[in-house]
Amino acid sequence: MRQTAPADRSADGRTDGETSGETDGETGGENVFGLITPEDWFRIPLLPEERRTASVSALVKRQFAGVDDQPVLRRQAEEQLLGAAEAGVEQGGVVLYLSFLEAAGIPLSASLLISRIHQRFDGLDAVSALRDKGETALVRLPAAGRAARRRRSERTRESRRLGTEFADTIVEYFVPVPDRDEVLMLTFSTPLEPIADSMVELFDAVAGTLRWQKTAQPTPTQATQTAQAAQTAQTTQEPRGQQA
């Protein structure tokens with residue numbers, strides 16, 4: 001498994017800290033979350049759009065490396081991945097992971113969408129609200145603390161379109177963000193119903209690595225130096241007037 005945050009190289013080759021919210025002056029900085037995922041889980045930052053597009057392009061390039069005679073399949077794959085990423089954004093997602101693990105040559109398909117919910121977390125209320133569908137319980141993650149967990153099955157639109165008889169197995173974690181009225185939501189999903197229990201064990205192991213780190217705010221001196229540098233750069237880059 002590989003460590004993917006607080007600072008990790010994303011699909012487009014840039015370093016990215018996954019943040020749970022804006023900087024909070026009263027708490028000393030941002031709450032940055034980190035996870036440890038399997039090496040063959042490909043990470044797609046969803047915001048901004050430019051990074052999302054670059055990450056999808058990098059993934060398609062990797063998957064079709066050495067294959068130059070399948071332009072139609074390549075274009076279809078890119079469109080499907082962009083569609084999945086955009087759907088994640090519509091659900092409040094900030095990061096999407098896609099699994100390319102294999103066992104005995106069989107792909108172990110899975111995904112993880114990390115989203116933000118801007119409301120206060122109450123464990124008992126969360127469990128009560130989630131009980132209408134699936135197995136729900138309060139749990140404690142080793143580093144991140146208390147959370148609500150729900151496991152459920154769902155026959156998705158995609159599975160119906162493909163004509164498969166299996167339902168997707170979905171495991172959701174709702175984790176309160178420290179010092180904020182905000183919840184981090186981890187949504188794991190796999191279409192591999194025959195080995196769902198084994199995949200759920202993997203999902204629980206990944207969720208168990210979730211941790212928080214507070215980023216440091218700049219000191220007053222650093223902030224002043226940054227402002228002065230910006231002002232100097234602006235002064236030296238002023239456009240010159242036209243000469244007569």
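One can find the structure itself at the top, above this paragraph.
Anyway, here's the lowdown on the structure attached to this text. (Residues numbered from 1 in each chain as written. Predicted model: local features only at pLDDT ≥ 70, side-chain atom pairs only at ≥ 80, totals over all residues. Heavy atoms only, no water.)

**Here's the deal with the overall build of the chain**
What the chain contains, in helices and strands, is 6 helices and 15 strands. A burial count over the chain gives 41% of its 244 residues as buried. Put simply, the chain shows about 14,300 Å² of open surface, and 48% of that area lies on carbon and sulfur atoms. (Helix = DSSP H or I, 4+ residues; strand = E, 2+ residues; numbered from the N terminus. Buried < 20%, exposed > 50% of the residue type's maximum accessible area, 1.4 Å probe, protein only. Areas by Shrake-Rupley, 256 points an atom, 1.4 Å probe, with all protein chains shown as cover.)

**Topic: unusual backbone geometry**
Most peptide bonds are trans, and most residues other than glycine sit at a negative phi. Here the residue pair leucine 47 and proline 48 is connected by a cis peptide bond, since its omega of -5° sits within 30 degrees of zero. Positive phi, close to 65°, is recorded for aspartate 179, a residue that is not glycine. Checked against the element boundaries, aspartate 179 lands in the loop between strand S13 (168-176) and strand S14 (183-190). Aspartate 179 sits in the exposed class, given a relative accessible area of 55%.

**Focus: helix H5 (residues 196-207)**
Helix length check: H5 (12 residues) gives 16 Å between terminal C-alpha atoms against 16 Å at 1.5 Å per residue, within 8%. All buried positions along H5 are accounted for by Ala196, Met199, Val200, Phe203, Val206 and Ala207. Down the axis, H5 shows its buried residues gathered within 120° of arc, on one side only. For H5, the exposed residues set more than 90 degrees away from the buried face come down to Asp197 and Glu201. (Expected span 1.5 Å × (residues − 1). Arc of directions from axis to C-beta.)

**Observations regarding a negative patch on the surface**
Taken together, the side chains of Glu49, Glu50, Glu86 and Glu90 define an acidic patch exposed on the protein surface. Of all the elements in the fold, those that place two or more residues in the negative patch are helix H1 (49-63) and helix H2 (71-90). Of note, glutamate 50 is situated in helix H1. Residue glutamate 50 is classed as exposed on the basis of its relative accessible area of 56%. (Patch = residues over 30% accessible without salt bridge, like charges linked within 9 Å, V, L, I, M, F, W, Y side chains within 5 Å. Salt bridge = Lys/Arg side-chain N within 4 Å of Asp/Glu carboxyl O. Lys, Arg positive; Asp, Glu negative; His and termini not counted. Charge placed at Lys NZ, Arg CZ, Asp CG, Glu CD.)

**With respect to the nonpolar core**
Formed by 28 residues in total, the largest nonpolar core has its most connected members in Ile114, Leu186 and Phe188. Of all the secondary-structure elements, those providing two or more residues to this core are strand S7 (93-99), strand S10 (111-117), S13, S14 and H5. For this core, the leading source of residues is H5, giving 5 residues. In contact with isoleucine 114, other than residues within four places in its own chain, are Phe33, Leu35, Gly92, Gly93, Val94, Val95, Tyr97, Leu184, Met185 and Leu186. Judged by nonpolar contacts, the second largest core, of 13 residues, contains Phe42, Leu46, Val60 and Phe64. (Core = buried A, V, L, I, M, F, W, Y, C linked by side-chain atoms within 4.5 Å. Contact = heavy atoms within 4.5 Å.)

**Regarding the pairing of S7**
Extensive coverage of S7 is indicated by the burial of 7 of its 7 residues. Two strands pair when backbone bridges link them, and strand S6 (residues 41-45) and S7 are joined in this way by 5 bridges, in the antiparallel orientation. The partner of isoleucine 44 across the bridge, within S7, is leucine 96. In terms of strand pairing, S7 meets S10 through 5 bridges, oriented antiparallel. Paired with glycine 93 across the strands is serine 115, a residue of S10. (Pairing = 2+ DSSP bridges.)

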